[in-house]
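Spelled out from the first residue to the last, the chains are:
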Amino acid sequence: QLQASGGGLVQAGGSLRLSCAASGRTFSNYYMGWLRQAPGKEREFVAGITWNGDITSYRDSVKGRFTISRDNAKNTVYLQMNSLKSEDTAVYHCAVRWGVSGFDYWGQGTQVTVSS
């Protein structure tokens with residue numbers, strides 16, 4: 001199970017830190033990521049991180065503003081979001097990749113609303 005938390009309402013330019021607590025099994029051996037879905041839009045990739053944290057990737061629109069990290073000892077993945085924009089408004093889900101590409105499972109999300 002993946003449970004995201006830390007969302008909320010923030011003004012444009014503000015910051016939020018999302019957390020994703022994994023339970024039920026160990027996710028420390030797997031690629032993890034954050035996805036988001038805005039109303040009326042497709043779910044999209046936001047950021048990803050390898051099992052040991054040595055490689056991260058981001059969608060272009062969040063590069064330089066968002067940082068993904070993980071603490072395998074706590075089975076937790078984080079997303080630090082700075083300089084938030086109204087277009088970042090969405091439900092954010094953390095996800096796991098068990099295969100070789102894409103994401104295979106994502107948990108219940110947390111709402112992020114950025115007011116302009």
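Above: the structure in question.
Residues numbered from 1 in each chain as written. Predicted model: local features only at pLDDT ≥ 70, side-chain atom pairs only at ≥ 80, totals over all residues. Heavy atoms only, no water.

Engineer: Give me the sheet that holds strand E8 (residues 76-81): which residues, what numbers.
Structural biologist: Sheet architecture is open: 4 strands sit in the order E1-E3-E8-E7, paired in antiparallel fashion. On the outer flanks of this sheet lie strand E1 (2-5) and strand E7 (66-71), each paired with one strand and no other. Recorded for the sheet is a direction-independent mean angle of 15° between the axes of neighbouring strands. Sheet analysis places E7 next to E8, joined by 6 bridges and oriented antiparallel. (Pairing = 2+ DSSP bridges. Helix = DSSP H or I, 4+ residues; strand = E, 2+ residues; numbered from the N terminus. Axes fitted to C-alpha atoms, helices over the stretch in contact; angles between N-to-C directions.)

Engineer: An account of the environment of Ala90 is needed here, citing residue identities and associated values.
Structural biologist: With respect to the element layout, Ala90 can be found in strand E9 (residues 90-97). When the C-alpha atoms of Ala90 and Gln37 are compared, they prove to be 5.2 Å apart, with 53 residues separating the residues in sequence. If we skip the residues at most four places from it in the chain, Ala90 touches Arg36, Gln37, Ala38, Thr110, Gln111 and Val112. (Contact = heavy atoms within 4.5 Å.)

Engineer: Let's hear about unusual backbone geometry: which residues, and what values?
Structural biologist: Even without a glycine there, the phi angle at Asn75 is positive, about 55°. For Asn75, the location among the structural elements is in the loop between E7 and E8. According to the relative accessible area criterion, Asn75 is buried, its value standing at 18%. Backbone geometry places Ser83, a non-glycine residue, at a positive phi of 50°. Positionally, Ser83 belongs in the loop between E8 and E9. The partly exposed category is assigned to Ser83, whose relative accessible area is 41%. (Buried < 20%, exposed > 50% of the residue type's maximum accessible area, 1.4 Å probe, protein only.)

Engineer: Can you tell me about the state of the cysteines, naming the residues and giving the values?
Structural biologist: Evaluation of the coordinates by the stated rule reveals 1 disulfide. Here Cys20 is linked by a disulfide to Cys94, with a sulfur-sulfur distance of 1.8 Å. Measuring the twist about the S-S bond at about 50°, one finds the Cys20-Cys94 disulfide to be right-handed. Placement of Cys20 in strand E3 (residues 16-22) and of Cys94 in strand E9 is noted, with a sequence separation of 74 residues between them. (Disulfide = S-S within 2.5 Å.)

Engineer: Can you explain the nonpolar core? Please cite residues and give values.
Structural biologist: Trp34, Phe66, Leu79, Met81 and Tyr92 are the most contacted members of the largest nonpolar core, which has 28 residues in total. Where this core is concerned, the elements lending two or more residues are E1, E3, strand E4 (31-37), strand E5 (44-49), E7, E8, E9 and strand E11 (110-115). Discounting chain neighbours no more than four positions away, the residues touching Phe66 are Arg36, Val46, Tyr58, Leu79, Gln80, Met81, Asn82, Leu84, Asp88 and Tyr92. (Core = buried A, V, L, I, M, F, W, Y, C linked by side-chain atoms within 4.5 Å.)

Engineer: Residues and numbers for the pattern of salt bridges, please.
Structural biologist: According to the stated counting rule, one finds 5 salt bridges in the structure shown. The partner of Asp88 in a salt bridge is Arg36, and the shortest N-O contact between them spans 3.0 Å. In this pair, Asp88 is assigned in the loop between E8 and E9 and Arg36 in strand E4, connecting sequence segments 52 residues apart. For the pair shown, Asp88 and Arg36 are each scored as buried. With a closest N to O distance of 3.5 Å, Arg59 and Glu44 form a salt bridge. Residue Arg59 is located in the loop between strand E6 (56-58) and E7, and its partner Glu44 is located in strand E5; the two are separated by 15 residues in the primary sequence. Taking the relative accessible area as the measure of exposure, Glu44 reaches 27% and is therefore partly exposed. (Salt bridge = Lys/Arg side-chain N within 4 Å of Asp/Glu carboxyl O.)

Purely geometric numbers; function is a separate question.
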